[in-house]
2 protein chains.
Amino acid sequence: MDSFILHGAVLFSEDVRELKEYDDAYVVCADGVCQGVYEEIPGEFSDLPVEDFWDKLIIPGLADLHTHAPQYTFRGLYGDMELLEWLDRVTFPEEMRYDDMDYAARAYDLFVEDLFTGATTRAAIFATKHTDATLLLMDMLEETGLVTLVGKVNMDRGVPHGYCETTGESVSETLRWLEEVRSRGYRNTSPILTPRFTPTCTDELMKQLGDLSGRYGLPVQSHLSENLDEISLVSRLCPDTRFYGESYDRFGLFGTQGKTIMAHCVWSGEEEIELMLKNGVYIAHCAQSNMRIRSGAAPVSLYLDKGMHVGLGSDTAGGAELSIFSAMRDAVLSSNLRWRLYDRDVRQISFPEAFYMATLGGGAFFGKTGTFKKGYEFDAVVLDDDNIQTLYPASPAERAERLMYLADDRHVVGKYVRGCKLY
Amino acid sequence: MDSFILHGAVLFSEDVRELKEYDDAYVVCADGVCQGVYEEIPGEFSDLPVEDFWDKLIIPGLADLHTHAPQYTFRGLYGDMELLEWLDRVTFPEEMRYDDMDYAARAYDLFVEDLFTGATTRAAIFATKHTDATLLLMDMLEETGLVTLVGKVNMDRGVPHGYCETTGESVSETLRWLEEVRSRGYRNTSPILTPRFTPTCTDELMKQLGDLSGRYGLPVQSHLSENLDEISLVSRLCPDTRFYGESYDRFGLFGTQGKTIMAHCVWSGEEEIELMLKNGVYIAHCAQSNMRIRSGAAPVSLYLDKGMHVGLGSDTAGGAELSIFSAMRDAVLSSNLRWRLYDRDVRQISFPEAFYMATLGGGAFFGKTGTFKKGYEFDAVVLDDDNIQTLYPASPAERAERLMYLADDRHVVGKYVRGCKLY
């Protein structure tokens, strides 16, 4: 961990609605912790080295609250189906290949490289059912310096032969995985329990995973109320639940034991929303995936207005793009269309809200991170937007809003995680 | 004009639904005209030079049926308003600056440069009311080798003082502009009559522009049924019309005299649709703009199924991106959301349909262009997608579908227009 000062244009979220911006300021990091943003370097930090980025834009690192690493190989393809058909025809067959460690090594290398070169500093990631390939992915992520939560996927029903686990296998492999993770002593890479979703997890498996979460205080990630056919399927599979979220909650997998991310929440009803609010469940909003595989558009402003935790997810390869700038763009665009075509009572997402979700909103799942306020872990990316030329000066917030549409990996010229410079 | 053969992977539209793809083929150009695609070079062309692009992807050039060059300076910004407010607060004030030829030169240079480096080979472009700045834009476009239609914008009401014209000025400046264009003898750059939209054009101006279109056979571009408040305004301004399209049609500005592009058509009703079909009006579908400034989503598959002419528009700066790959992506994504949330009777757009609109659908406005069938003018772009790595071979159509999400200017490594190599 380092102590240093970055100098440039600075933008960060004060809260869900308010951005703080500086044309010319100093972001101070001491022992990996942010000490705030200043227009002049305070005397107490005058000995720290200054890295000068001139007029480049410095923002907190972006958080990806939901992505599937093994699906990255087919990003951008198969956008003409809905969820359940897409899982059966495309996703499960591809994920089965990760039984082959050589394939896994080559495939995960592509994912990890692109995650590293983009603006994301923290991510919650689904792997596959394969313990060894999941450990390999974690080894590779650990090497990058990014902070990630990675899940070996659990599923003991509703999956093709050859990719399904028995309940016993699923639990014993999870224990072996957790034990092995512990022994590897990762610094930035942690396990997150990952029951894939209710249609692929029996009650017994859910129960045992709930016990594990309680015993070890493990966080949880899964999917919730993404697609209408999926929701019907869950109500048939769990006739004793009133709504989808209960199928997790009754086993302690819905924020009551470990911190929990539920991806999508496109069609959550009132009771489900209230339970997420009460339990502090994090919502991973994955707008591009929700448009691409025809799920719908989540009522995100409603979630934000209730004070719920909401971050953004790329959801590759339901989504095609790993970029959280693109996830911001699609959050804004799909909220506009939802408001116009479906429900005028749920307002659109503003750019400051999209930026908040991409940084502080999602970052909060990883602890005190996602903004440049004093006391937060120091994650930052430096953006060079010189190739986006205009004729008048844009404020830091305007530059970031433009990057929401126009950013690619070339724009990311510096990256810091927990006070360590990655590049 | 050149005669040559391009060798690589090839993709083009046979018709609105069918793509033709070749992993390894030869596209033959003789005197600027496509002679077809062959797996082996036919004997009659054996003397032509072959440019070898190996496994790079060769597709027809993309057509942008609707974009505003002077708005390019604020692309990606001001996405939090609807059309009429956005025009008053952002667009008109920016367009007024093009009275200054120095500003116009610097601003148009940015637009022209980015149009040149992207995958677009043909475009229909709105300038501003300023004749001289419009001529400057046309000079700059002519130098690129791209084929463009450019319009000096007409407006004699509903525009802020200082940007509005009198009816007489608008007509006399249009005549001066047309005369000057004729005298400059452009090869690839043509004028297109551009009554901005009904709210800014009196009946008298429309009448005189209609006369001009008839007299010189000039094509026309304008806006139609984009935004609900705009449509209400038109019905108040033109109480003797049954629908918005009539406000153009009654003056011969709706496909009956010159070929006509109407941008948006988000909210066109049955009668308007039937009239567009009957008159052969081209629809410029601008999905990102329609999402961004909250207009809605056009029923594009309905238009295609009726056999109407539909192309894509970037609509910068209602849209933030000049890329027609992005326009394809947003056409697909917004059609999915429209289907899911608003009208299950209007199906989603497929990738082949998006590709068709971006090439042959929009290209048809410029004549016989937009595909590699024999007899079409030869426009092509060569795409290097090596940086999009996966582990198994993708077909040409799959590669293009992936580029719809992931393309940027780096991917465009070769560009040919009317048989001339631009780079």
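This structure is a prediction, so every number in the text was calculated from the model and none was measured.

A. Inspection of the sheet that holds strand β7 (residues 147-151) of chain A at higher detail. Residues and elements named next belong to chain A. What the four strands build is an open sheet, ordered β5-β6-β7-β9; its pairing is parallel. Of all the strands in the sheet, the pair left with one neighbour each is β5 (62-68) and β9 (189-191). Each strand of the sheet is rotated relative to its neighbour by a mean of 20°, with strand direction disregarded.

B. Structural detail: a negative patch on the surface. All names here are of chain A. A cluster of like negative charges, contributed by E21, D23, D24, E39, E40 and D52, occupies part of the molecular surface. A per-element tally of the negative patch places strand β2 (residues 19-30) first, with three residues. Note that D23 resides in strand β2. We classify D23 as exposed; its relative accessible area is 60%.

C. Examining the sheet that holds strand β11 (residues 220-224) of chain A more closely. Residue and element names in this part refer to chain A. Pairing is parallel in the open sheet, where four strands are placed in the order β11-β12-β13-β14. Because the sheet does not close on itself, it has two edges, and the strands there are β11 and β14 (309-312). Averaged over all pairs of adjacent strands, the angle between their axes in this sheet comes to 30°, without regard to strand direction. As judged from the five bridges shared by β11 and strand β12 (residues 260-264), these two strands associate in the parallel manner. Counterpart to S222 in the pairing with β12 is M262. Along the sheet, helix α11 (residues 324-341) contacts β13 (282-285) and β14; its crossing angle with β14, the most-contacted strand, is approximately 120°.

D. Local environment of helix α4 (residues 167-184) of chain A. All names here are of chain A. Over its 18 residues, α4 runs 26 Å from end to end, which matches the ideal 26 Å to within 8%, given 1.5 Å per residue. Of the positions making up α4, those classed as buried are S170, V171, T174, W177, L178 and V181. Across the axial projection of α4, the buried residues extend over an arc of 125°, all falling on one side. Looking at the packing, one finds that the buried side of α4 touches α3 (131-144), β7, β8 (153-154), β9 and α5 (203-216). Looking one or two residues beyond α4, the residue adopting positive phi is G185, at roughly 60°.

E. Fine view of the layout of surface pockets. All names here are of chain A. Of the voids in this model, the second largest pocket is the one considered here, and its volume is about 310 Å³. Lining the second largest pocket are 16 residues, with D55, D385, D386, A394 and R399 positioned closest to its centre. Of all the secondary structure elements, the ones that give two or more residues to the lining of the second largest pocket are β2, β4 (50-60) and α13 (396-406). It is β4 that provides the largest number of residues to the lining of the second largest pocket, a total of three residues. Classifying every residue of the lining of the second largest pocket by side-chain character gives six nonpolar, one polar and nine charged.

F. Seen up close, the relation of the copies chain A and chain B. If you rotate chain A by 180° and push it 0.0 Å along the axis, it lands on chain B with an RMSD of 0.0 Å. Classification of the inter-copy transformation places it as that of a two-fold axis. Most of the interface of chain A is mirrored in chain B, where 100% of its interface residues again form contacts.

G. Local environment of the domain arrangement of chain A. Residue and element names in this part refer to chain A. Each assigned domain of chain A is listed with its residue range as follows: domain 1 (4-60 + 371-421) and domain 2 (62-366). Centre-to-centre separation of domain 1 and domain 2, based on C-alpha positions: 29 Å. Taken together, the contacts link 30 residues of domain 1 with 31 residues of domain 2. Across the contact surface, domain 1 and domain 2 share four salt bridges. One salt bridge connects E377 with R122, and the closest N-O pair in it is separated by 3.6 Å. Linking domain 1 with domain 2 are nine residue pairs in polar contact (both at pLDDT 80 or more), by the criterion used here. Ranked by the residues each element gives to the side of domain 1 that touches domain 2, the list is headed by α13, at six residues. Looking at side-chain class alone, the side of domain 1 that touches domain 2 contains 19 nonpolar, two polar and nine charged residues.

H. Inspection of the side chain of T241(A) at higher detail. All names here are of chain A. Summarising the element assignment, T241 is placed in the loop between α6 (228-237) and α7 (246-249). At a separation of 2.7 Å, a polar atom in the side chain of T241 contacts the main-chain carbonyl oxygen of C238. Not counting the four nearest positions on each side in its chain, T241 is found in contact with E246, S247 and R250.

I. The arrangement of the interface of chain A and chain B in detail. Each partner contributes residues to the interface: chain A has 50 residues there, and chain B has 50 residues. Buried surface at the junction of chain A and chain B, both sides included, amounts to about 4,700 Å², of which 59% is carbon and sulfur. Across the contact surface, chain A and chain B share eight salt bridges. Residue E321(A) is joined to R329(B) by a salt bridge in which the shortest nitrogen-to-oxygen separation is 4.0 Å. The tally of links between chain A and chain B comes to 15 residue pairs in polar contact (both at pLDDT 80 or more). Those elements that place two or more of their residues in the side of chain A that touches chain B are α2 (101-117), α9 (287-292), α11 and α13 of chain A. Here the element with the most residues in the side of chain A that touches chain B is α11(A); it accounts for nine residues. A class-by-class count of the residues in the side of chain A that touches chain B yields 21 nonpolar, eleven polar and 18 charged.

J. Focus on the packing of aromatic side chains. Scanning the entire structure with this criterion turns up 40 aromatic pairs over all chains. Look at Y38(A) and F45(A): their rings are 6.3 Å apart centre to centre, the planes differ by 45°, and that puts the pair in the tilted class. For Y38(A), a relative accessible area of 25% corresponds to the partly exposed category. On the basis of relative accessible area, F45(A) is assigned to the buried category, the value being 8%. Look at F12(B) and Y22(B): their rings are 6.4 Å apart centre to centre, the planes differ by 15°, and that puts the pair in the stacked class. Here Y22(B) lies in strand β2 (residues 19-30) and F12(B) lies in strand β1 (residues 4-13), a separation of ten residues in the sequence. By relative accessible area, which is 4% here, F12(B) ends up buried.

K. Molecular detail of the state of the cysteines. Tallied over the full model, the rule gives zero disulfides over all chains. No disulfide involves C29(A); its sulfur sits 7.3 Å from that of C34(A), the nearest cysteine.

L. Geometry of the nonpolar core. Among the nonpolar cores identified, the biggest contains 257 residues, and L137(A), M328(A), L137(B) and M328(B) are the most heavily contacted of them. When near neighbours in sequence (up to four residues on either side) are disregarded, M328(A) contacts L62(A), L312(A), F351(A), A354(A), F355(A), A358(A) and M404(A).

M. Structural context of the packing of α11(A) against helix α12 (residues 351-363) of chain A. Residue and element names in this part refer to chain A. Contact pair α11 / α12: the axes reach a minimum separation of 9 Å and the direction vectors enclose 140°. Considering their axes alone, α11 and α12 lie oblique with respect to each other. Crossing of α11 against α12: the hand is right-handed. Packed against α11, whose contacting residues are I324, M328, A331 and V332, the element α12 presents F351, A354, F355, M357 and A358 at the interface. Residue composition of the contact of α11 with α12, by class: nine nonpolar, no polar and no charged.

So, how was this worked out
Residues numbered from 1 in each chain as written. Chains lettered and ligands numbered in written order. Predicted model: local features only at pLDDT ≥ 70, side-chain atom pairs only at ≥ 80, totals over all residues. Heavy atoms only, no water. Pairing = 2+ DSSP bridges. Helix = DSSP H or I, 4+ residues; strand = E, 2+ residues; numbered from the N terminus. Axes fitted to C-alpha atoms, helices over the stretch in contact; angles between N-to-C directions. Patch = residues over 30% accessible without salt bridge, like charges linked within 9 Å, V, L, I, M, F, W, Y side chains within 5 Å. Areas by Shrake-Rupley, 256 points an atom, 1.4 Å probe, with all protein chains shown as cover. Salt bridge = Lys/Arg side-chain N within 4 Å of Asp/Glu carboxyl O. Lys, Arg positive; Asp, Glu negative; His and termini not counted. Charge placed at Lys NZ, Arg CZ, Asp CG, Glu CD. Buried < 20%, exposed > 50% of the residue type's maximum accessible area, 1.4 Å probe, protein only. Contact = heavy atoms within 4.5 Å. Expected span 1.5 Å × (residues − 1). Arc of directions from axis to C-beta. 1 Å grid on protein atoms, 1.4 Å probe; cavity = no way out; pocket = protein on both sides within 12 Å on 5 of 7 lines; lining within 4 Å. Points joined across faces, edges and corners; volume = space filled by probe spheres on them. Nonpolar A, V, L, I, M, F, W, Y, C, P; charged D, E, K, R; others polar. Least-squares fit on C-alpha atoms with pLDDT ≥ 70 in both. Domains from an automatic or database assignment. Polar contact = N/O pair within 3.5 Å; in protein donor to acceptor, adjacent residues only side chain to side chain. Buried area = accessible area lost by both parts, 1.4 Å probe. Phe/Tyr/Trp six-rings, centres within 6.5 Å; stacked < 30°, edge-to-face > 60°. Disulfide = S-S within 2.5 Å. Core = buried A, V, L, I, M, F, W, Y, C linked by side-chain atoms within 4.5 Å. Parallel < 35°, antiparallel > 145°, perpendicular 65-115°, else oblique. Left-handed = near helix turned anticlockwise from the far one by under 90°.

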